[in-house]
Every structure is written in structure tokens, then in C-alpha cells.
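Reading the structure
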Amino acid sequence: MPLYKTITPNLQTTVKIWKIEESYNDLFDAVALKPETLQRVLGMKSELHQRGFLSVRKLLAEFGYDDFDLYYDENGKPHLKDGKQISITHSFIFSAVIISDSIVGIDIEKQREKIPVIAHKFIDYEFDYLKKDATDYIRKLTTIWCVKESLYKLFATPGLSFKDYFLVIPFELKDQETKAWIDYKDKKHPYNIHFLEFEGFTCAYAVDSE
């Protein structure tokens, strides 16, 4: 499928979302891969994961990059050789890439009924404003998870607990934006958050506001 959605939150930042409808073979034939990337793809046991991974390379092409422009550091954080900031995500039938002059993070998640069961693992302060009997409870939980996952990718410091280090202030889904902080080593790091919903999925992306 062609590109699903393009978002430009500011002049320095662009988000592109892909709906993965192509077969593994079609995606594989459409992209050029470094040897180490090829080995990684062939080693994946899930075709769904393979297709998500390859669709990200299709998104890179939409930005004018390819797999040879991308590398990962020791923490698994992606980087572009030209110094632009990048973050990557894929979930089931959607993938997304955000590229910016600022430090950024992005995440997509499917909205699933079981998320309240694990909410206590990634939410603390946010329970103060969430209403468990609200019709949008699952959607809000999913949004908070996406926000915190995007912050984790952005901050790239292994071992940080979503529950203990990440805070999302109260928000309404219709607003499609909020603020969030990472509280780390006696310093609060603020971020501007944008989010959107489509076809039963939530996408959130964080941009450094400092």
C-alpha cells in the first residue's frame, strides 16, 4: 500500500506511517539491505515481524534514505549517518518513522482489551486521573503506554521503569497532545507529546521541548 499518513508537527519534524499490506516477498524485493540487516531479517521467526521490519525500510525510502544510511548504537537506538534524529516503531499491520532535528521517540500499539491487567506495571501517578469505568479507559491506557514507550526510546537509557521514571499529565483524547516528563537523577526532562488513533491503533510521538 502507498504511504498511509504523513504528519508534520513542526518545520523540523516529520512522521510517516505505513499500513503493511504487502507480502513478505514483495517487501523484501523492494528494498536493498546491508549484509547484517539481511541476516537479521532472515533470522526472525515471525513473518509479521519481518514484514514490519522491512516496511520501515520502505518508510526510510519515503524520507530519501535507505538501510545503508541507518545504524544502531550499543543500546539499540537507531541513528542516521547525516546526524538527523530518528525513531522507529511497528505493530501488527502498521509501522512508523519519525525524523527530526530534535531528539524524538515514537511508538504504535494496538488497542487491546487486556491492557488493564498490566496497567499497574507501567502506571502510577496517572491512576489519579484515570477512571476505570470510563468508556475510553482502554484507549487512554494505550495512549499512556505509547507515550512512555516513545519516551523510553527517546531517552535511550536502559533499565528505566515506565512506572517510576515517566509521568504523563492529564489529557483528553480529542486534544491529541499532552506533556510528559522523565524524572531521572534529580532532574525533570520535559517533552511535548502528540498522539493519534486509527483503525484500532494508537500512535504517540515525543519531541524534546528543552
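As shown above, the structure is provided for reference.
A brief look at the structure comes next. (Residues numbered from 1 in each chain as written. Predicted model: local features only at pLDDT ≥ 70, side-chain atom pairs only at ≥ 80, totals over all residues. Heavy atoms only, no water.)

When helices and strands are counted, the protein shows six helices and 11 strands. Computed over C-alpha atoms, the radius of gyration of the protein comes to 17 Å, within 12% of the 17 Å expected from 2.2 N^0.38 for 210 residues, which places it in the range of a compact globule. Counting all 210 residues of the protein, 47% fall into the buried class. For the protein, contacts bridging at least 24 residues in sequence account for 51% of all contacts bridging at least 6. On the protein, roughly 10,600 Å² of surface is accessible, and the fraction owed to carbon and sulfur atoms is 49%. Placing the 28 positive and 33 negative side-chain charges of the protein at their respective mean positions leaves the two points 3 Å apart. (Helix = DSSP H or I, 4+ residues; strand = E, 2+ residues; numbered from the N terminus. Rg over C-alpha atoms; globule rule 2.2 N^0.38 Å. Buried < 20%, exposed > 50% of the residue type's maximum accessible area, 1.4 Å probe, protein only. Contact = heavy atoms within 4.5 Å. Areas by Shrake-Rupley, 256 points an atom, 1.4 Å probe, with all protein chains shown as cover. Lys, Arg positive; Asp, Glu negative; His and termini not counted. Charge placed at Lys NZ, Arg CZ, Asp CG, Glu CD.)

The buried fraction of strand β2 (residues 13-19) is high, at six of seven residues. Strand direction decides the pairing type here: strand β1 (residues 3-10) and β2, joined by five bridges, are antiparallel. Among the inter-strand pairings, T6 is bridged to a residue of β2, identified as K16. Relative to strand β6 (residues 94-100), β2 runs antiparallel, the two being bridged by seven bridges. The residue of β6 that forms the bridge with W18 is S95. (Pairing = 2+ DSSP bridges.)

For the rest of this paragraph, the subject is the pattern of salt bridges. Counted by the stated rule, this structure contains 11 salt bridges. A salt bridge links K140 to E172, with the shortest nitrogen-to-oxygen separation between them at 3.8 Å. Taken together, the positions of K140 in helix α5 (residues 137-155) and E172 in the loop between β8 (166-168) and β9 (177-184) put the pair 32 residues apart, joining distant regions of the chain. The partner of D183 in a salt bridge is K188, with the nearest N and O atoms 3.3 Å apart. (Salt bridge = Lys/Arg side-chain N within 4 Å of Asp/Glu carboxyl O.)

Read across the sheet, four strands follow the order β1-β2-β6-β5 without closing on themselves; strand pairing throughout is antiparallel. Two strands in the sheet have a free side with no partner beyond their single neighbour: β1 and β5 (85-91). Averaged over neighbouring strand pairs, the angle between their axes works out to 15 degrees when direction is ignored. (Axes fitted to C-alpha atoms, helices over the stretch in contact; angles between N-to-C directions.)

Within a pair of aromatic rings, the relevant descriptors are the distance that separates the centres and the angle that separates the planes. Taken as a whole and judged by the stated rule, the model has 16 aromatic pairs. Look at F155 and Y184: their rings are 5.5 Å apart centre to centre, the planes differ by 85 degrees, and that puts the pair in the edge-to-face class. Residue F155 is found in helix α5, and its partner Y184 is found in strand β9; the two are separated by 29 residues along the sequence. Grouping residues by exposure puts F155 and Y184 together as buried. Among the aromatic residues, ring-to-ring pairing joins Y4, F92, F94, F198 and F201 into one connected group. (Phe/Tyr/Trp six-rings, centres within 6.5 Å; stacked < 30°, edge-to-face > 60°.)

All right, on to the nonpolar core then. Core analysis: the biggest nonpolar cluster contains 29 residues, and I144, L151, I182, Y191 and I193 have the highest contact counts within it. Going through the elements one at a time, α4 (115-122), α5, β8, β9, β10 (187-198) and β11 (201-208) are the ones with two or more residues in this core. In contact with I193, not counting residues within four places along its chain, are V147, L151, Q176, E177, T178, K179, A180, Y205 and A206. Of all hydrophobic cores here, the second largest spans 21 residues; its members include W18, V31, M44 and L70. (Core = buried A, V, L, I, M, F, W, Y, C linked by side-chain atoms within 4.5 Å.)

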